[in-house]
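The primary structure of each chain is shown beneath.
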Amino acid sequence: MFKEGDVVIYTVYGICRVKEIKSIFFNGNNNDFYILVPLNEVKTELTIPTNNPIISARIKSLLSKEDIENIINSISSIDTFWIDNDNERKKEFSELVKLGNREKTISLIKSIKKHQYSLRDKNRKLHSSDEQALQDAEKLILDEFSYVLNENRYDLALKLDEEILKSIE
């Protein structure tokens, strides 16, 4: 369980601060809720039940600087995958982003970029759902990595793109 003041990543919104843990009377019961404030939207407050395992699993502690550097250094060994069926791929990509596993999220980014490069050779573009999955995955990774590493988001995006490009050529 997180405590007030903790900085976490909530896979739907990115980096958030736990403003408070509040007990709210709801459906005849007192339930505890995290009140999260996204760091990039300080006027927004998210009320997240602490006792819902599916939703609570989407709130994660930030990785350490060392863990992030290890992930960046291992990009070349992270496998790619592709699902040919558009609907199955859209569903799988969406679930991967929601799970918040950083290595799998990097795998997703790497896979979509690999597919994107193969389409460029044919003068074609990504499917809109693949583009959205790529944007969502990159946002989560860049939000967390740039926050923890205290690096400029744009510079970090270039660094990650370079590492990914080297690994898929």
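Residues numbered from 1 in each chain as written. Predicted model: local features only at pLDDT ≥ 70, side-chain atom pairs only at ≥ 80, totals over all residues. Heavy atoms only, no water.

Student: Explain the packing of helix α5 (residues 128-149) against helix α6 (residues 153-168) here, please?
Tutor: How two helices pack is summed up by the angle between their axes together with the distance between the axes. Where α5 meets α6, the closest approach of the two axes is 10 Å, and the angle between their N-to-C directions is 115 degrees. Once α5 is placed against α6, the crossing between them reads as right-handed. Between α5, through Glu138, Lys139, Ile141, Leu142, Asp143, Phe145, Ser146 and Leu149, and α6, the contact on the second element is made entirely by Arg153, Leu156, Ala157, Leu160 and Asp161. Residue classes in the contact of α5 with α6 are distributed as seven nonpolar, one polar and five charged. (Axes fitted to C-alpha atoms, helices over the stretch in contact; angles between N-to-C directions. Helix = DSSP H or I, 4+ residues; strand = E, 2+ residues; numbered from the N terminus. Left-handed = near helix turned anticlockwise from the far one by under 90°. Contact = heavy atoms within 4.5 Å. Nonpolar A, V, L, I, M, F, W, Y, C, P; charged D, E, K, R; others polar.)

Student: Is there a simple way to explain the layout of surface pockets in this structure?
Tutor: The probe, sized like a water molecule, is rolled over the atoms to show the empty space still left. Considered as a void within the structure, the largest pocket measures approximately 280 Å³ in volume. Around the largest pocket, the lining comprises 14 residues; the ones closest to its centre are Ser94, Val97, Gln132, Ala133 and Asp136. Elements with a minimum of two residues in the lining of the largest pocket: α3 (86-99) and α5. Residue contributions to the lining of the largest pocket peak at six residues, all from α5. Class assignment of the residues belonging to the lining of the largest pocket gives a composition of five nonpolar, four polar and five charged. The computed volume of the second largest pocket comes to approximately 160 Å³. (1 Å grid on protein atoms, 1.4 Å probe; cavity = no way out; pocket = protein on both sides within 12 Å on 5 of 7 lines; lining within 4 Å. Points joined across faces, edges and corners; volume = space filled by probe spheres on them.)

Student: For this particular structure, what's the right way to read the nonpolar core?
Tutor: Note that soluble globular proteins tend to have their nonpolar side chains buried in a common cluster. Judged by nonpolar contacts, the single largest core of 30 residues is most densely connected at Ile72, Leu108, Ile112, Phe145, Leu156 and Leu160. At the level of secondary structure, the elements contributing two or more residues to this core comprise β1 (7-10), α2 (65-73), α3, α4 (102-121), α5 and α6. Of all the elements, α5 adds the most residues to this core, at eight residues. Setting aside residues no more than four positions away along its own chain, Ile112 makes contact with Trp82, Phe93, Leu126, Asp130, Ala133 and Leu134. Listed in part, the ten residues of the second largest apolar core include Phe2, Val8, Tyr10 and Cys16. (Core = buried A, V, L, I, M, F, W, Y, C linked by side-chain atoms within 4.5 Å. Buried < 20%, exposed > 50% of the residue type's maximum accessible area, 1.4 Å probe, protein only.)

Student: What is the right way to look at the pairing of strand β2 (residues 14-26) in this model?
Tutor: The sheet contact formed by β1 and β2 spans four bridges and is antiparallel. When the bridges of β2 are listed, Val7 appears paired with Arg17. Counted along the chain from β1 to the antiparallel partner β2, the turn is three residues long. Where β2 lies against strand β3 (residues 29-38), ten bridges are found, and the strand directions are antiparallel. For Val18, the partnering residue across the bridge sits in β3 and is Leu36. Connecting the antiparallel pair β2 and β3 is a turn made up of two residues, with Asn27 showing a positive phi of about 55 degrees. (Pairing = 2+ DSSP bridges.)

Student: Mind showing me how you'd approach the pattern of salt bridges here?
Tutor: This structure, assessed with the given rule, holds ten salt bridges. Of the charged contacts in the structure, one is a salt bridge between Arg102 and Glu144, with a shortest N-O distance of 2.7 Å. Here the residue Arg102 occupies a position in helix α4, and Glu144 occupies one in helix α5, the gap between them amounting to 42 residues. Take Glu144: its relative accessible area is 1%, and that puts it in the buried class. Lys113 is the partner of Glu138 in a salt bridge, and the nearest nitrogen-oxygen pair spans 3.2 Å. Of this pair, Glu138 sits in helix α5 while Lys113 is found in helix α4, placing the two residues 25 residues apart along the sequence. Residue classification places Glu138 among the partly exposed positions, given a relative accessible area of 22%. Relative accessible area serves as the criterion here: at 8%, Lys113 is assigned to the buried category. The network of salt bridges with common partners includes Asp86, Arg89 and Asp130. (Salt bridge = Lys/Arg side-chain N within 4 Å of Asp/Glu carboxyl O.)

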